[in-house]
Amino acid sequence: MSSDAGVSADYEQTLIAWGLARGGDVVEPAPEGKVLEDVRVAAEDVVAQSDPYPNLLNIFHARTRDDVVRREVLLTPGQPYSAALVDESVRNLRKLGLFSAVRAVTVKGRQPGTVVLLLITKDLWSLRLNSDFSAVGSLLQYLRLQGTEQNFLGRGKKVAVDFVLRLDTISLGQSYTDRRVLGSRWALSESAAVLLGRESGKPEGSRGSLSVSRPLYSLATPWSVSSSVAWNVETARQYRGADIWQLPFPDGPAVPYVYNAREVAGGVTYTRSFGHRYKWNVGMGAGAYHDAYAAPVASMLTDAQEAWFRSNYLPRAEDAAYASLSLSAYEARYEVFHDLDSYALSEDVQLGHSIGASLRYAPPVLSSSAHYAQGAVTARYRVRWAGDALTAVSAAASIRRQLGENAGWTDRRWATEFVQASPQFFGGRIVGRGVLDVNIDDLSDRISLLGGGNGLRGALVDAYSGKRLLLFNLEYRSPPLVIKTVHLGGVLFLDSGSAFNRRPSMVTSVGVGLRLLFPQFNVNPFRIDFGYVLNGDRPPVSGRFSFSAGQVTDYRPSFLDSP
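Cut-offs used in this document
Residues numbered from 1 in each chain as written. Predicted model: local features only at pLDDT ≥ 70, side-chain atom pairs only at ≥ 80, totals over all residues. Heavy atoms only, no water. Helix = DSSP H or I, 4+ residues; strand = E, 2+ residues; numbered from the N terminus. Rg over C-alpha atoms; globule rule 2.2 N^0.38 Å. Buried < 20%, exposed > 50% of the residue type's maximum accessible area, 1.4 Å probe, protein only. Contact = heavy atoms within 4.5 Å. Areas by Shrake-Rupley, 256 points an atom, 1.4 Å probe, with all protein chains shown as cover. Lys, Arg positive; Asp, Glu negative; His and termini not counted. Charge placed at Lys NZ, Arg CZ, Asp CG, Glu CD. Salt bridge = Lys/Arg side-chain N within 4 Å of Asp/Glu carboxyl O. Polar contact = N/O pair within 3.5 Å; in protein donor to acceptor, adjacent residues only side chain to side chain. Pairing = 2+ DSSP bridges. Axes fitted to C-alpha atoms, helices over the stretch in contact; angles between N-to-C directions. Expected span 1.5 Å × (residues − 1). Core = buried A, V, L, I, M, F, W, Y, C linked by side-chain atoms within 4.5 Å. Phe/Tyr/Trp six-rings, centres within 6.5 Å; stacked < 30°, edge-to-face > 60°.

Q: Outline the overall build of the protein, supporting the account with residue identities and numerical values.
A: Of the regular secondary structure elements, the protein holds four helices and 31 strands. Computed over its C-alpha atoms, the radius of gyration of the protein comes to 25 Å, within 12% of the 24 Å expected for a compact globule of 563 residues. Taken along its principal axes, the extent of the C-alpha atoms in the protein is 85 × 55 × 45 Å. Counting every position in the protein, which comprises 563 residues, the buried fraction comes to 48%. In the protein, once contacts between residues fewer than 6 apart in sequence are set aside, the share between residues at least 24 apart is 60%. Of the roughly 25700 Å² that the protein leaves accessible, carbon and sulfur atoms contribute 60%. Here the protein contributes 59 positively and 55 negatively charged side chains, and the mean placements of these two sets differ by 2 Å.

And the structure:
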């Protein structure tokens, strides 16, 4: 049996029992080193008898083909059985996003001294309307509806049409993803969308991307290569609550935080991978980009306002070509958790260290002002203790050295995060998180907004702003109440945070929430929270509710992963 088979929650344990009974199989207690006779797949219907939905729905779902499952297995019949390779294969299958559950069980083969690998799977509903949203009270800040067939004909291909509603724009687009082009290890992904202004109904821009890659699909893969191009043309509007942010110009009327953005980028990277338990990946790449930003004519800014806006709030316009070098090192040690970000479903977590560093050099070939060297580092350490408690510490930093005539240091930023998940007690768990994000002179003039569903629940939407962020979240997450495979749980929380420029002024809220998981349709729960501010401005009662997908700890600076 795979190493995670003994720590399953009830939902997956029931699935394992079904898979064994289906073929009358007997578990092999000591499979290591025995000859692998066969790889079999037991795929339960997406809507089973135990689910609270009509079985008729299975007609509209193309179940993942067995050969799609088998091709992710890093063992072939005739080889000695390896639990490590089986565990890695299961992780790869879960990463595909096709399954709500994947479990591997080793059973006795037909011949003495042989074993059979039994992969028990349950698909996620593939023909679906994926959704992501954020709402506080009656204000819908963001809504994404994606009509998707994420498992086209059961072959693991994803085709989708996209609808994204923001406060100012509607985005209509499409995408296609093929992780195994013609059954190979090459992957292709493309997307394109047009942006329409909500008030005017007219096109305002477009965005899209195309990437072709051969990823590091296993710990033993020696090399990978990737290439990509992307563009984004839009009118960017920064909101606070339901209104465009009016910036406080010191010598006259306020300046609307609106600008035109034109961004194009492309690059190629080759990575060489070393080691097995302790991995070292060295990458080399080259690329170029064009970034242009300007206040729109419709803002009718004076020369003084435009100069102030450009100096203090606009991202920096730049054209550059660059060469890059990267290094990543991590311990390839993974363990399975439950009830962290999901409920009953298995979650693969990399433990130990994970370190990354990158260096980029842009010579003055496209523009003398784009002559620079830039470096960034990121580090994370996770440890499991007291059974299923998890501690994680992360940090990241970046800095840029402008070369040539305007030499100097810039783009200095650093961030750190601490996450603590307690051992489960009475089926529940306490999860705490603290994050500090310090932006000293970010070239993009990034500003953090806090309030509402983005970490300070119960507060006025985007009530607090600054180039630095300090945030604490503490939750008690109850065990789920399971009703016909639907998982319903409760949360008690305390949030405390500040978005600031010099010194933090902490605002604290407390509240309660609900979590809802439909394992046939999603792997992370939906959340509904009600918060009450203890020491700050309070919105009307309806504005203290927030609705979103995923856990509150999902709101974190992406800078911590890729500075």
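Q: Help me get a handle on the pattern of salt bridges, residues and values and all.
A: All chains considered together, the criterion is met by 33 salt bridges. One salt bridge connects Glu28 with Lys108, and the closest N-O pair in it is separated by 3.2 Å. Linking Glu28 in the loop between helix H1 (10–23) and strand S1 (35–44) with Lys108 in strand S2 (residues 99–108), this pair joins segments that are 80 residues apart in sequence. Note on Glu28: relative accessible area 5%, which makes it buried. Among the residues examined, Lys108 registers a relative accessible area of 42% and is labelled partly exposed. Note that Arg310 and Glu306 form a salt bridge whose closest N and O atoms lie 3.7 Å from each other. With Arg310 and Glu306 both in helix H4 (residues 303–312) and four residues apart, the pair spans about one turn of that helix. Arg310 gets classed as partly exposed once you look at its relative accessible area, which sits at 38%. Since its relative accessible area comes to 29%, Glu306 is described here as partly exposed.

Q: An account of the side chain of Glu37 is needed here, citing residue identities and associated values.
A: One can find Glu37 in strand S1. Of note is the side chain of Glu37, whose polar atom sits 3.2 Å from the side chain of Thr114. Excluding anything up to four places from it in sequence, Glu37 contacts Pro77, Gly109, Arg110, Gln111, Thr114, Val115 and Val116.

Q: An account of the environment of Leu96 is requested, with residue identities and associated values reported.
A: Mapped onto the elements, Leu96 comes out in the loop between helix H3 (83–95) and S2. Note on Leu96: relative accessible area 10%, which makes it buried. Along the backbone, Leu96 and Lys484 are 388 residues apart, and their C-alpha atoms lie at a distance of 26 Å. Excluding its chain neighbours within four sequence positions, the residues that come into contact with Leu96 are Glu72 and Arg179.

Q: With reference to specific residues and values, describe the sheet that holds S1.
A: An order of S1-S3-S2 is seen for the three strands of this open sheet, with the pairing classed as mixed. Edge positions in the sheet fall to S1 and S2, since each has one partner strand and no second. Across the sheet, the mean angle separating the axes of adjacent strands is 20 degrees when strand polarity is ignored. Lying on the sheet, H3 is in contact with S2 and strand S3 (114–123); it crosses S2 at an angle near 160 degrees.

Q: Just give me the short version of unusual backbone geometry, but keep the residues and values in it.
A: Positive phi outside glycine occurs at Met300, with the angle close to 55 degrees. Inspection of the secondary structure puts Met300 in the loop between strand S16 (278–294) and H4. At Asp462, a residue that is not glycine, the phi angle is positive and equals roughly 50 degrees. Structurally, Asp462 can be placed in the loop between strand S24 (448–450) and strand S25 (464–466).

Q: How would you sum up H3? Please name residues and give values.
A: Here H3 is 13 residues long and its end C-alpha atoms lie 18 Å apart, about the 18 Å a rise of 1.5 Å per residue gives. Inspection of H3 places Val86, Asp87, Glu88, Ser89, Val90, Arg91, Asn92, Leu93 and Arg94 among the buried residues, and these make up the whole buried set. In the stretch just after H3, Gly97 is the one whose phi turns positive, near 75 degrees.

Q: So what's going on with H1? Residues and values would help.
A: The end-to-end C-alpha separation of H1 is 21 Å, in line with the 20 Å expected for 14 residues at 1.5 Å each. All of the buried residues along H1 are Tyr11, Glu12, Leu15, Ile16, Gly19 and Leu20. Next to the buried residues of H1 lie S1, S2, S3 and strand S28 (486–500). Phi for Gly24, located one or two positions after H1, is positive at around 60 degrees.

Q: Which residues make up the nonpolar core, and what values do they have?
A: Of all hydrophobic cores here, the largest spans 19 residues; its most connected members are Leu36, Leu93, Phe99, Leu117 and Leu119. No other element matches the four residues that S1 contributes to this core. Leu119 has contacts with Val39, Arg40, Val41, Ala42, Val69, Val73, Val90, Leu93, Arg103 and Ala104, leaving out every residue within four places of it along the chain. Counting residues in each nonpolar core, the second largest holds 17 residues, with Tyr293, Ala295, Trp308 and Ile447 among its members.

Q: An account of the packing of aromatic side chains is requested, with residue identities and associated values reported.
A: Scanning all chains against the criterion turns up 13 aromatic pairs. Ring geometry for Phe249 versus Trp308: centroids 5.4 Å apart, planes at 70 degrees, classification edge-to-face. With Phe249 in the loop between strand S13 (246–247) and strand S14 (255–256) and Trp308 in helix H4, this residue pair connects regions lying 59 residues apart in the sequence. The exposure class of Phe249 is buried, given its relative accessible area of 10%. The class of Trp308 is buried, set by a relative accessible area of 16%.

Q: Before we move on, could you go through the pairing of strand S6 (residues 157–166) and cite the residues and values that matter?
A: Residues in a regular strand project their side chains so that they alternate between the two faces of the sheet. With nine bridges joining them, strand S5 (residues 139–152) and S6 adopt antiparallel strand pairing. When the sheet's bridge partners are listed, Arg144 is paired in S6 with Val164. Between S5 and S6, which pair antiparallel one after the other, the connecting turn spans four residues, and Leu153 there sits at a positive phi close to 55 degrees. Of the pairings in the sheet, the one linking S6 to strand S7 (residues 169–178) comprises eight bridges and is antiparallel in character. Following the sheet pairing, Asp162 is matched in S7 by Gly173. The antiparallel hairpin formed by S6 and S7 contains two residues in its connecting segment.

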